Number of protein chains: 2
Amino acid sequence: MNGGGNSDWPGMACPASVFDHKRILLGHGSGGKLTADLVRKLFLPAFKNEYLARLDDQAVFQLNGTRIAFTTDAFVVTPLFFPGGDIGKLAINGTVNDLAMSGARPLYIAAAFILEEGLELDELSRIVDSMRQAAFAAGVQLVTGDTKVVDRGKGDKIFITTTGLGILEGSATISADRARPGDKIILSGTIGDHGTAILSRRENLEFEGAIESDSAALHTLVAAMFEVTDQIHCLRDPTRGGLATTLNELAAASGVGLEVDERTIPVKESVKGACEILGLDPLYVANEGKLVALVAADAAEKVLAKMRGHPLGLEGCIIGEAVAQHPRMVLLKTEIGGKRMLDVLLREQLPRIC
Amino acid sequence: MNGGGNSDWPGMACPASVFDHKRILLGHGSGGKLTADLVRKLFLPAFKNEYLARLDDQAVFQLNGTRIAFTTDAFVVTPLFFPGGDIGKLAINGTVNDLAMSGARPLYIAAAFILEEGLELDELSRIVDSMRQAAFAAGVQLVTGDTKVVDRGKGDKIFITTTGLGILEGSATISADRARPGDKIILSGTIGDHGTAILSRRENLEFEGAIESDSAALHTLVAAMFEVTDQIHCLRDPTRGGLATTLNELAAASGVGLEVDERTIPVKESVKGACEILGLDPLYVANEGKLVALVAADAAEKVLAKMRGHPLGLEGCIIGEAVAQHPRMVLLKTEIGGKRMLDVLLREQLPRIC
C-alpha cells in the first residue's frame, strides 16, 4: 500500500504527491490508465476491504445467508438525447447490467439527480419517463431517490447516479479474477455502436446507415446463459474504454494472457465507417448493451448457441481464448494476419460517453 | 394521478405542462415546496411503488426474510471544506443517518464521484481521507464506487453521491406516517449549526464563538434509544429545510397536527446571532447531526434520559407533541407566547447546503 497508514486506521488515502498530475484531467474519467491510477492510489488504500479490492463493477456480499450484489454509476453523458436512447435509459440499463454481470437478478434501483438551474422541465420529464420505461422493461423498481439543484454554470443540465441492488440465486461466483487458460472469450454482438452514436450526434455528423446506441438490459441474456452451464468464469459489459479495456482488466485480474482474433469481432459497416472518419478504434469505443464472457472451453459452444437464441445475443461469437502465455497481456491477431499487443488507453478517447 | 397512463405501463411521468415553472429553479433543490412538487408530480407517478410512496428518506424491503434499508443522496455542498467538516464527511454521515432513521444498522456504502476537470488532486485526496475516517468511525464499509470526470465549467469541483445499505434487526417499523396524537416530539440537540456554518464560510463572515457544522453519524444514538423502547414511531434527521420542514413532512404523512414550543428548542447563541445577521430563521436551517423522534408519550421520558447519556444527545429535549387538532399543520408557540403556523418554505433559503 502506498502512502503509509497507522495502526489506528484501517487505511489511508495517498497524499496527492504520489500522482503524476496535480489536477484532475478528463482522462481520469476515461476508464483507462488514469482512472485505474486513481482507483489504485486513492480509493483502494483509503477504503481497503475485500469487496472493493476485487475491482469488479459491483460488490457481492452475504446478508443473513442471502448473496446480494450492489453497484453504483454516475451518468454524465452529453448530449442527453441521442440515437437509440438518452441519459435516463442509459442510467437504468447501465446499473441493471452491472448487477447482471455478477449473475445477480436486478431488483431495486436508487436514483440521485443533480440538476442544473435552468434545465427545462420538459427535458427532465422526458428523461424520467425514459427511466420509467427502462425500469419497467428490466423488471426493476426505483424505490428511493434524491434531487439536488446546482446554480447555473455549475453543472450540465442533469447528472444521474443510479445504484442497484440485486440478489444472487445460483451458486456461481463470477469475478474478473476467475479466467483460466483455455477459457473461451465470447462476445455477445457488435462493438462500438454506443460511443459512435454519441460522438456522431455530438459532432452533428450523419453517416449512411443510422448508428444507434445499443443501450439494453442484459440480465435476461445472462440468465439464459446460466441455464446451460455454471462454468461462466467472468462477465463484463465493455462500456468506457471499450472491448480492449475490458479484456485488459480481465487479463490483469486473472493473471492470464488473452488472445483475440480481430476478424471474428463483429463491427457494423456503418460504425466502421464512422470510426474511420472520427479517428476512433472501435475496440476502444464504449458499448452499452454488450457483454464479454470467459467460459470454460467445453461449455462455450452451448453457451454461444443459447445466446444466439436470445434477441440480445443474435450476433454472439467466440473471439478468442485465455492462454497461459504472456500473462496480463492481450494479443490481437490482426485482420492482415499479424499479432499486436492490445493495450489500455492512457488518456481519454471519448469524454462523457456515459 | 396526473398525466394519464395506460394499461401497458405501471405509471407515467407527468408532462412538463403540469408544473408551474418551465425550468428548474434553485428552489427545486431546497427540500421545500418546489422539491415536493417535483416528487409528487414527476417521480412518484413515474415510478409508483409502495416503497417510494412512503416518502421516507430510505426504502425498506424484505429479501429472503431479511429487512434491508436502502438510501441515496447526492452531495453538492459549497464550499467543499467548512468548519466542522467537508463534503466527504457529510456524504458518509448523511447516508449513515438516512439508514439509521429507519432503525437500520448501516453496513455498506457505494460512492459515485463526479469530478470537474482541473480539480486539485490534493483536494480530492483530503476529501477521500475524510470519507475514510467517517466510514471507519461509523463502522461502515465503502464497497463499490464510480468516478466520472466532466469538462471544466460543467461541474463544480466535486459532487459525491453516496448510497447506503443497512439491515433492520429489530421488529420496529419506523415511518413518517406513524405519528399518533399524544406522541411526544423529541429533538436531539441544538438546531441551525450546519447551515449557519456553511453560509458563514461562504460569505466569509466571522462570528464570535466559532460556528461549526454538527455533521455526525447518529446510528449509535438511535440504537441507544431502541434499547429502552420500541415505541419510537417516526425518526428524521432535519437536514435541508431544517426542523420546520421535517415537522411539516411528518405532520402531513401521519395526518396529525404538531405543536412545538419555540422556547424549548435549543439554538446556540452564536447561531442565533449569525442567523439574525444573515436574515435566516434557525427553524429552517439545515442540520447534519440531529434527529427528531415522535415517541409514544409514556416512553418519551425514558428515551430522553437515554439520549442525554449519549454524546450526540446531551442537549436532547421534548419540544412538543402530536395532536388530533389541525391535522397536517404545525403550530409554533412563540417565545412571546403567541401561536403561529410553521409552514414549509416555498423557495430556496440556502442553496447547496448539503
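If you're wondering where the values come from, they're calculated on a predicted model, not measured in any experiment.

Focus: the relation of the copies chain A and chain B
Here the two chain copies are tied together by a rotation about an axis and a shift along that axis.
In step 1: Relative to chain B, chain A is turned by 180 degrees and slid 0.0 Å along the rotation axis, the superposed coordinates differing by an RMSD of 0.0 Å. Given the turn and translation reported, the copies of this chain are related as if by a two-fold rotation axis. Proximity to the rotation axis, assessed at the C-alpha, singles out A:G155 in chain A; its C-alpha lies 2.1 Å from the axis.
In step 2: A share of 100% of interface residues in chain A that are also interface residues in chain B marks the association as one of identical surfaces.

Considering the pairing of strand 2 (residues 66–75) of chain B
All names here are of chain B.
In step 1: Counting buried residues in strand 2 gives ten out of ten residues, a clear majority hidden from the surface.
In step 2: Burial along strand 2 is two-sided: the residues T66, I68, F70, T72 and A74 and R67, A69, T71, D73 and F75 are all buried.
In step 3: Note: strand 1 (residues 59–63) against strand 2, five bridges, orientation antiparallel. When the bridges of strand 2 are listed, A59 appears paired with F70.

Details of the sheet that holds strand 14 (residues 339–341) of chain A
Residues and elements named next belong to chain A.
In step 1: Within the open sheet, the seven strands sit side by side as 9-11-8-12-10-13-14. Their pairing is mixed. Pairing within the sheet leaves two strands with one partner each, and these edge strands are strand 9 (232–236) and strand 14. Strand-to-strand twist in this sheet, taken as the mean axis angle between neighbours without regard to direction, amounts to 25 degrees.
In step 2: In terms of strand pairing, strand 8 (residues 184–187) meets strand 12 (residues 317–323) through four bridges, oriented antiparallel.

What about the nonpolar core?
In step 1: Residues A:L124, A:I158 and A:L258 are the most contacted members of the largest nonpolar core, which totals 79 residues.
In step 2: Among the elements that take part in this core, helix 4 (residues 121–138) of chain A stands out by supplying eight residues, more than any other.
In step 3: Formed by 78 residues, the second largest nonpolar core is a distinct cluster that contains A:A46, B:I92, B:L115 and B:L247.

Observations regarding the confidence of the model for chain A
Residues and elements named next belong to chain A.
In step 1: In the predicted model, chain A carries a mean pLDDT of 92, and the fraction of residues at 70 or more is 94%.
In step 2: Within the model, the stretch residues 1–10 combines pLDDT values under 50 with 18 contacts to residues more than four positions away or in other chains.
In step 3: Interface confidence for the predicted complex, given as ipTM, is 0.94, next to a pTM of 0.94.

Description of the sheet that holds strand 1 of chain B
Sheet strands line up and pair through hydrogen bonds in the backbone, either parallel or antiparallel.
Residues and elements named next belong to chain B.
In step 1: Strands sit in the order 1-2-7-5-6 across an open sheet of five strands; the sheet is mixed. The sheet is open, and its two borders are formed by strand 1 and strand 6 (141–150), each paired with just one other strand. Put simply, the sheet's adjacent strands are angled 20 degrees from each other on average, direction ignored.
In step 2: Where strand 5 (residues 105–116) and strand 7 (residues 158–168) come together, ten bridges link them in antiparallel fashion. Along strand 7, the bridge assignment pairs A110 with T163.
In step 3: Against the sheet, helix 3 (residues 87–100) engages strand 2, strand 5 and strand 7, with an angle of about 150 degrees to strand 2.

Comments concerning helix 6 (residues 219–228) of chain B
In step 1: Every buried residue of helix 6 of chain B is accounted for by B:H219, B:L221, B:V222, B:A224 and B:M225.
In step 2: Looking at the buried positions of helix 6 of chain B, the neighbouring elements they touch are helix 3, strand 5, helix 4 (121–138), strand 9 (232–236), strand 11 (292–295) and helix 9 (297–308) of chain B.

A few points about unusual backbone geometry
In step 1: Following A:T78, the chain continues into A:P79 via a peptide bond in cis, with omega recorded as 0 degrees.
In step 2: With respect to the helices and strands, the residue A:P79 is situated in the loop between strand 2 (66–75) and strand 3 (81–82).
In step 3: Even without being a glycine, B:H326 presents a positive backbone phi close to 30 degrees.
In step 4: Within the element layout of this structure, B:H326 appears in the loop between strand 12 (317–323) and strand 13 (330–333).

Reading the values: rules and limits
Residues numbered from 1 in each chain as written. Chains lettered and ligands numbered in written order. Predicted model: local features only at pLDDT ≥ 70, side-chain atom pairs only at ≥ 80, totals over all residues. Heavy atoms only, no water. Least-squares fit on C-alpha atoms with pLDDT ≥ 70 in both. Contact = heavy atoms within 4.5 Å. Buried < 20%, exposed > 50% of the residue type's maximum accessible area, 1.4 Å probe, protein only. Helix = DSSP H or I, 4+ residues; strand = E, 2+ residues; numbered from the N terminus. Pairing = 2+ DSSP bridges. Axes fitted to C-alpha atoms, helices over the stretch in contact; angles between N-to-C directions. Core = buried A, V, L, I, M, F, W, Y, C linked by side-chain atoms within 4.5 Å. pLDDT = per-residue confidence, 0-100.

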